[in-house]
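Fold and geometry: a report
Listed here are the chains, written in short residue letters.
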Amino acid sequence: MNIPKQDIIRALLKILPREAVLYDEEDLRPYECDGLSAYRRLPMVVALPANTEQVQQILSYCYRHDISVVARGAGTGLSGGALPVEDGVLLSLAKFNSIIDIDAEARLARVQPGVRNLAISQAVNHLDLYYAPDPSSQIACTIGGNVAENSGGVHCLKYGLTVHNIQQLKVVTIEGELLTIGNSGLDSAGYDLLALMTGSEGMLAVIVEVTVKLLPKPDRAQVILAAFDDVVKAGTAVGNIISAGIIPAGLEMMDKLAIKAAEDFVHAGYPVDAEAILLCELDGSNAEVSEHIMQVHDIVSQSGATEVRTAKDEQERLTFWKGRKAAFPAVGRISPDYYCMDGTIPRKRLPEVLQKMAELSQAYNLPVANVFHAGDGNLHPLILYDANVPGELERTEEFGGKILELCVEVGGSITGEHGVGLEKINQMCVQFDSLELTQFHALKNAFDEKALLNPGKAIPTLHRCAEFGAMHVHHGELSHPELERF
């Protein structure tokens with residue numbers, strides 16, 4: 001980009017009102033990072049469009065003049081995916097916050113990308129409907145960001161991730177073209193571009209409308225809390241529940257450090273002397289829930305649970321979940337800083353991975369609070385550290401990288417729902433070989449040939465992977481057969 005900043009500001013002011021174009025440093029500060037606050041960078045300018053036509057004009061202008069664009073929702077992401085570029089435009093979709101239409105009969109809602117996740121369920125509550133994906137940040141995170149990262153939540157085990165709960169997208173390409181992906185029917189012909197766009201981290205297009213699927217509220221939902229004196233026993237119980245043919249609505253796990261932090265913060269009634277707890281929610285018809293509650297009670301008891309409780313009413317059920325969903329901010333009360341990781345493993349490897357993570361924690365001398373979507377193997381280890389201690393952030397990042405590489409080693413993935421962003425871009429080199437990465441770049445090029453949308457995120461260059469592989473092999477830390485191909 002060779003266009004002076006003032007010329008770009010003047011061009012944006014022809015499209016947007018004065019208050020919707022931010023360029024003074026104090027106005028840019030709120031946009032310098034997302035939820036991964038260890039990475040910070042000021043954008044050159046922030047644009048806040050209020051309608052699709054303005055988005056089209058902004059992107060078309062940026063395309064003609066080779067200006068990078070980073071789209072941003074609520075900024076609750078945890079992988080640096082919304083980190084701005086210093087010589088580009090940060091496109092905030094905060095003003096796209098309307099629910100356009102609710103079709104109760106078809107169980108669909110058309111919403112703008114700036115609508116909060118929880119607001120959808122609140123808007124259809126009177127219709128006995130709800131939107132299933134429920135990230136811990138659902139009170140603040142937006143549906144556009146959920147689509148960009150393919151977010152999940154505590155109920156994703158039974159009801160799926162965002163990709164399973166949306167039906168249509170309207171997006172604007174970097175050239176300014178408005179596209180409709182998917183349709184209002186149950187299926188659409190041709191390539192599955194809806195799945196491709198979901199989880200693409202703002203690298204293919206800018207989302208301006210989402211059609212989400214709504215579900216009827218179950219007749220009954222009830223939670224079992226099971227306490228264990230050993231984390232490995234809790235991990236084994238997870239596999240035992242699933243192997244019994246029971247698919248809970250949610251199956252979450254917390255270790256002792258996370259339990260203590262959440263209890264001190266929320267007072268959910270968690271047993272603070274336990275090494276781990278499982279929260280298992282069963283929903284469906286009354287008869288189905290009653291049967292499954294008894295089965296799960298027997299399974300966790302036989303798996304070594306020291307205490308088993310069943311939520312006695314809806315209020316206690318919500319309180320149990322409140323503690324789990326508040327785990328991240330709760331841990332922030334016991335450590336100056338924490339680094340939230342996100343990886344996925346096969347459920348059967350959970351006990352082994354927990355043991356190896358404990359060994360890594362001792363080796364790096366950094367405590368870890370573990371919070372898992374245990375039912376689908378999605379791990380969220382929170383590494384506690386102090387950024388004011390020289391070198392501790394770097395050591396924490398290295399530790400986090402080892403956890404991600406461990407996930408790949410046991411047959412898992414470097415991310416479950418937080419995305420790759422900037423945080424995990426090196427570990428992409430561990431999970432994928434050169435041919436796969438080349439295909440990713442080809443897909444990116446098909447939508448964004450100038451690589452202007454969210455540049456430098458999610459997909460590493462082959463050169464970067466070669467450097468990363470050479471560094472690890474040199475230190476004897478990584479032996480990955482595909483690295484020789486770069």
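Residues numbered from 1 in each chain as written. Predicted model: local features only at pLDDT ≥ 70, side-chain atom pairs only at ≥ 80, totals over all residues. Heavy atoms only, no water.

1. With respect to the environment of Glu281
Under the convention used in this document: In this description a helix means any DSSP run of H or I spanning at least four residues, a strand means any run of E spanning at least two, and both kinds are numbered starting from the N terminus. The contact definition used throughout considers only heavy atoms, calling two residues in contact when any of these lie within 4.5 Å.
Tracing the sequence through the fold places Glu281 in strand E14 (residues 276–284). In sequence terms Glu281 and Pro346 are 65 residues apart; their C-alpha atoms lie 21 Å from each other. Residues within four places of Glu281 in sequence aside, it is in contact with His155, Ala221, Gln222, Val223, Pro248, Ala249, Gly250, Arg317 and Trp321.

2. Focus on the pairing of strand E6 (residues 108–111)
Note the following rule: For two strands to be treated as a pair, DSSP must find at least two bridges joining them.
Pairing analysis gives 4 bridges linking strand E5 (residues 99–103) to E6, with the strands arranged antiparallel. By the bridge assignment, Asp103 is partnered in E6 with Leu108. What sits between E5 and E6 in their antiparallel hairpin is a turn of 4 residues, with Arg107 showing a positive phi close to 60°. Where E6 lies against strand E10 (residues 206–213), 4 bridges are found, and the strand directions are antiparallel. Residue pairing across strands places Val111 opposite Val210, the latter belonging to E10.

3. Considerations on the packing of aromatic side chains
The test is simple: Any pair of Phe, Tyr and Trp rings, taking the six-membered ring for Trp, is counted once the centres come within 6.5 Å. Such a pair is stacked with planes under 30 degrees apart, edge-to-face with planes over 60 apart, and tilted for the rest. Burial classification: accessible surface area is computed with a 1.4 Å probe over protein chains only, and a residue below 20% of its type maximum counts as buried, one above 50% as exposed, and the rest as partly exposed. Over a ring means this: the NZ of a Lys or the CZ of an Arg is within 6 Å of the ring centre and within 35 degrees of the ring normal.
Across all of its chains, the model carries 3 aromatic pairs by this definition. Considering the side-chain rings of Tyr364 and Phe399, the 5.2 Å spacing of their centres and the 5° angle between planes classify their relative orientation as stacked. In this pair, Tyr364 is assigned in helix H13 (residues 350–364) and Phe399 in helix H14 (residues 392–409), connecting sequence segments 35 residues apart. Classification of Tyr364 as buried rests on a relative accessible area of 12%. Residue Phe399 is classed as buried on the basis of its relative accessible area, which comes to 0%. Ring plane angle 80° and centroid distance 5.0 Å describe the contact between Phe432 and Phe440, whose orientation is recorded as edge-to-face. Above the face of the Tyr63 ring, Lys450 is positioned so that its terminal group lies 4.1 Å from the ring centre.

4. Some words on the state of the cysteines
Put plainly, a disulfide is one covalent bond tying together the sulfur atoms of two cysteines. Our working definition: A pair of sulfur atoms, both from cysteines and within 2.5 Å, is called a disulfide here.
Using the criterion set out here, one finds 1 disulfide in the structure. Shown here is the disulfide that connects Cys429 with Cys465, its sulfur atoms set 2.1 Å apart. On the sign convention where negative is left-handed, the bridge of Cys429 and Cys465, at about -80° about the S-S bond, is left-handed. Within this pair, whereas Cys429 is found in helix H15 (residues 428–431), its partner Cys465 is found in helix H17 (residues 462–474), the two being separated by 36 residues in sequence. Each member of the pair, Cys429 together with Cys465, is buried. Left unpaired, Cys280 is separated from the closest cysteine sulfur, that of Cys156, by 14 Å.

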